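Observations on chain architecture
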Amino acid sequence: MSGNSYNRFAYVYDVFMSGEPYEEWSRELSGLITRHGRAALAPSECTILDLGCGTGVMTRLLHDMGYDVTGLDLSEDMLAVASSYDDGILYVNQDMRELELPYSFDCMISVYDSINYLTRDEDLLKCFGRVHEYLEPDGLFIFDFHTVNYYAEIGESTIAENRDEGSFIWENHYDPDTHLNEYDLTLYVRDEDDRYSRSEETHLQRGYDLDEMTRMLGQSGFSTIEYYDADTGSIPAEGTGRIRIVLRKTDI
């Protein structure tokens, strides 16, 4: 994930996200890279930058497959968790809109709605421009994003979950005019003395539709290879909540 709104939640994020199919997604990403990337590259020769890597779950899975992966995130707390695994992966604390890197990559990825934290057109264009700059010629850019429909379906709602490690209350507020979605998160996290401490965080995301996303990508020098419903693998439809898109760097 990207965003400096991740503070205390970073340290229990993996607990509450443990049901997500990260291993399935990693195999899917590897298949896309093999199918559309430069065929001569073995995984160990293929450099990947994981944008909005969060606690590094996907970063580590791709690293375990043999890829040369670097993780990048804006949240220092998320990267503290990722770095605690001490597996030799390089993690970079940067804003994805302002990439400053010492070298380029064969592929960049961003999974599980990190892109939705970019809430203005100019934010997306800045990010896409930096990605384009730091991709190798014909490099791949693969990411997913939540659609306007996804946030509209959630609407004004409250989600709560209780576990031994902690509990959260997630209050959701969606503005259909701006497509902005605000999460007010209240956390109760168990400390070392078995007491629970309370903290609050606010997260802001924006829903996008496929047309506006591909328009801005085209302006930034990418050609679309394929896109599909990230949950079903089918062609995106009116009710699609999350879209995965595969792009190739072209000259601008």
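So, a few notes on the structure that sits alongside this text. (Residues numbered from 1 in each chain as written. Predicted model: local features only at pLDDT ≥ 70, side-chain atom pairs only at ≥ 80, totals over all residues. Heavy atoms only, no water.)

**What to know about the packing of helix H2 (residues 22-36) against helix H3 (residues 57-64)**
Cut-off, in case you're wondering: For helices, the fitted axis covers only the stretch in contact; all axes are lines through C-alpha atoms, and the angles between them, taken along N-to-C directions, range from 0 to 180 degrees. We count a stretch as a helix when DSSP gives it H or I for four or more residues in a row; a strand needs E for two or more, and each element gets its number in order from the N terminus. Oblique is the label for any angle not under 35 degrees, not over 145, and not in the 65 to 115 range, which are roughly parallel, roughly antiparallel and roughly perpendicular in turn. In this scheme the crossing of two helices becomes right-handed for a clockwise turn of the near helix relative to the far one and left-handed for an anticlockwise turn of less than a right angle. Note on contacts: a residue pair is in contact if any heavy atoms of the two residues lie within 4.5 Å. When residue character is reported, Ala, Val, Leu, Ile, Met, Phe, Trp, Tyr, Cys and Pro are called nonpolar, Asp, Glu, Lys and Arg charged, and the others, Gly included, polar.
Orientation of H2 relative to H3, taken along the N-to-C sense of each, is 55°, at an axis distance of 10 Å. Taken together, the axes of H2 and H3 lie oblique to each other. Here H2 runs over H3; the crossing is right-handed. On the side of H2, the interface is formed by Tyr 22, Glu 23, Trp 25, Ser 26 and Leu 29, while H3 contributes Val 57, Met 58, Leu 61 and Leu 62. Tallied by class, the residues present in the contact of H2 with H3 amount to 7 nonpolar, 1 polar and 1 charged.

**Brief notes about the pairing of strand S11 (residues 242-249)**
For clarity, the threshold we go by: Any residue under 20% of the maximum accessible area for its type is buried, any over 50% is exposed, and the rest in between are partly exposed; the area is computed with a 1.4 Å probe on protein chains only. Here the rule is simple: two strands pair whenever DSSP picks up at least two bridges between them.
Most of S11 is tucked away: 7 of the 8 residues are buried. Inspection of the sheet shows strand S5 (residues 135-146) paired to S11 by 7 bridges, in the antiparallel sense. Within the sheet, the bridge partner assigned to Phe 141 lies in S11 and is Leu 247. Pairing analysis gives 7 bridges linking strand S10 (residues 222-229) to S11, with the strands arranged antiparallel.

**Regarding the packing of aromatic side chains**
Note the threshold: Two rings from Phe, Tyr or Trp (for Trp, the six-membered ring) form a pair when their centres are within 6.5 Å of each other. A pair whose planes differ by under 30 degrees is stacked, one over 60 is edge-to-face, and the rest are tilted. Working rule: Lys NZ or Arg CZ, within 6 Å of ring centre, within 35 degrees of ring normal, means a charge sits over the ring.
Scanning the model with the defined rule gives 12 aromatic pairs in all. Ring centres 4.8 Å apart and planes at 80° place the aromatic pair Trp 170 and Tyr 183 in the edge-to-face group. Of the two residues, Trp 170 is situated in strand S7 (residues 166-175) and Tyr 183 in strand S8 (residues 180-190); the sequence distance between them amounts to 13 residues. The burial state of Trp 170 is the same as that of Tyr 183; both residues are buried. Ring pairs connect the aromatic residues Phe 128, Phe 141, Phe 143, Phe 145 and Phe 222, which therefore count as one cluster. The lysine or arginine in question, Arg 60, covers the ring of Tyr 85, its NZ or CZ lying 3.6 Å from the ring centre.

**Side note on the sheet that holds strand S3 (residues 90-93)**
Within the open sheet, the 7 strands sit side by side as S3-S2-S1-S4-S5-S11-S10. Their pairing is mixed. At either end of the open sheet lies a strand with only one pairing partner, and these are S3 and S10. Averaged over all pairs of adjacent strands, the angle between their axes in this sheet comes to 20°, without regard to strand direction. Its contacts with the sheet place H2 against strand S1 (47-51), strand S4 (105-110), S5, S10 and S11, and it is angled at close to 30° to S11. Sitting on the sheet, H3 touches S1, strand S2 (68-73), S3 and S4, and the angle it makes with S2 is about 175°.

**A look at the sheet that holds strand S9 (residues 196-206)**
Backbone-to-backbone hydrogen bonds join strands into a sheet, with any given pair of strands oriented parallel or antiparallel. As summarised here, the arrangement of the 4 strands in space is S6-S7-S8-S9, forming an open sheet in which the pairing is antiparallel. Sheet topology places strand S6 (157-163) and S9 at the edges, where each strand pairs with a single neighbour. Neighbour-to-neighbour, the strand axes of the sheet open up by a mean angle of 15°, direction not taken into account. Sheet analysis places S8 next to S9, joined by 11 bridges and oriented antiparallel. Residue pairing across strands places Leu 180 opposite Arg 206, the latter belonging to S9.

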